[in-house]
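# Residue-level structural notes
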Amino acid sequence: MAARIPLIAGNWKMYKTNPEAVESAGRLVELVADTDGVEIMIAPVFTALEPVSKVVQQSRVELGAQNLYWEKEGAYTGEISADMLVSAGCRYVIIGHSERRQYFGETDETVNRKISAALAADLIPVFCVGETESERDSGKTFSVLDKQVKDGLKSRVVDELGTLVIAYEPVWAIGTGKTATSEQAQEAHQYIRSLINDKFSAALAESVRILYGGSVKPANVTELMAMPDIDGALVGGASLDPESFSQIVKF
Ligand code: PGA
């Protein structure tokens, strides 16, 4: 069976103006030019997608967006469709990030519609799941992941999901400096893989890439990536600096 190719993804969140984004992307392209055996993605803000797409063209770096809306077009002020992201040069889209769930009312149902729209446009969804601190403390981690995975992928069929990427991001580890231990992350990743096995197929469970996210840094990435079910990282803070992100890419 083909090994899963690691994916290191940078979520730039609401940081960097266009000139800053172009500069960071250009530096990153240089820093990772000699890497192989790893896929690299950055997700700048919507307005920077097009200029950054020109910088990363023909490079090791691919482009992702941080969100989309599921309708193709229409009177939806402020929203952006999957086809629009493709036309701006995107190959990936992050869906259901905990900040979107927490601050912008995203639910498992909206996440489900967004994943469907992304797949229909041939965008690779990076589908985020993860428990809060209180859910972990009350022993609900697995039941939360179970619901998020099942409802987020509801009505999808195995044949559609060949490109799917899942990101396990414990909410308590995002931007807090508190990383899950590699054992905690491995346990959750293994559980998510078992859910994909049970709901879809053994082949999809074997091939689906599951990224870890939450305070990933050059100093902890090696240990995380050594875990059998961790196939990459979704990096926030440490992705903003091309030097530190390139060190993560070279885990
Ligand atoms: P962090 O963010 O690396 O800053 O913790 C991760 C994320 O939100 O994807």
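Before reading on, note that the structure itself is shown above.
Here goes a summary of the coordinates provided.

How each quantity is defined
- Residues numbered from 1 in each chain as written.
- Predicted model: local features only at pLDDT ≥ 70, side-chain atom pairs only at ≥ 80, totals over all residues.
- Heavy atoms only, no water.
- Salt bridge = Lys/Arg side-chain N within 4 Å of Asp/Glu carboxyl O.
- Helix = DSSP H or I, 4+ residues; strand = E, 2+ residues; numbered from the N terminus.
- 1 Å grid on protein atoms, 1.4 Å probe; cavity = no way out; pocket = protein on both sides within 12 Å on 5 of 7 lines; lining within 4 Å.
- Points joined across faces, edges and corners; volume = space filled by probe spheres on them.
- Nonpolar A, V, L, I, M, F, W, Y, C, P; charged D, E, K, R; others polar.

Moving on to the pattern of salt bridges. Tallying each qualifying case throughout the model produces 20 salt bridges. A salt bridge links Glu39 to Arg209; the nearest nitrogen and oxygen atoms lie 3.0 Å apart. With Glu39 in strand E2 (residues 39-43) and Arg209 in strand E7 (residues 209-213), this pair connects stretches of sequence that are 170 residues apart. When the shortest N-O distance is used, the salt bridge between Arg136 and Glu131 registers 2.7 Å. Look at the salt bridges and you will find they share partners, linking Arg4, Arg193, Glu206, Asp229 and Asp231 into a network.

What follows deals with the layout of surface pockets. Volume-wise, the largest pocket comes out at about 540 Å³. If you go around the largest pocket, you meet 19 residues; those closest to its centre are Met14, Gln66, Asn67, Arg100 and Phe104. Of all the elements, helix H4 (residues 98-103) adds the most residues to the lining of the largest pocket, at three residues. By residue class, the composition of the lining of the largest pocket is ten nonpolar, five polar and four charged.

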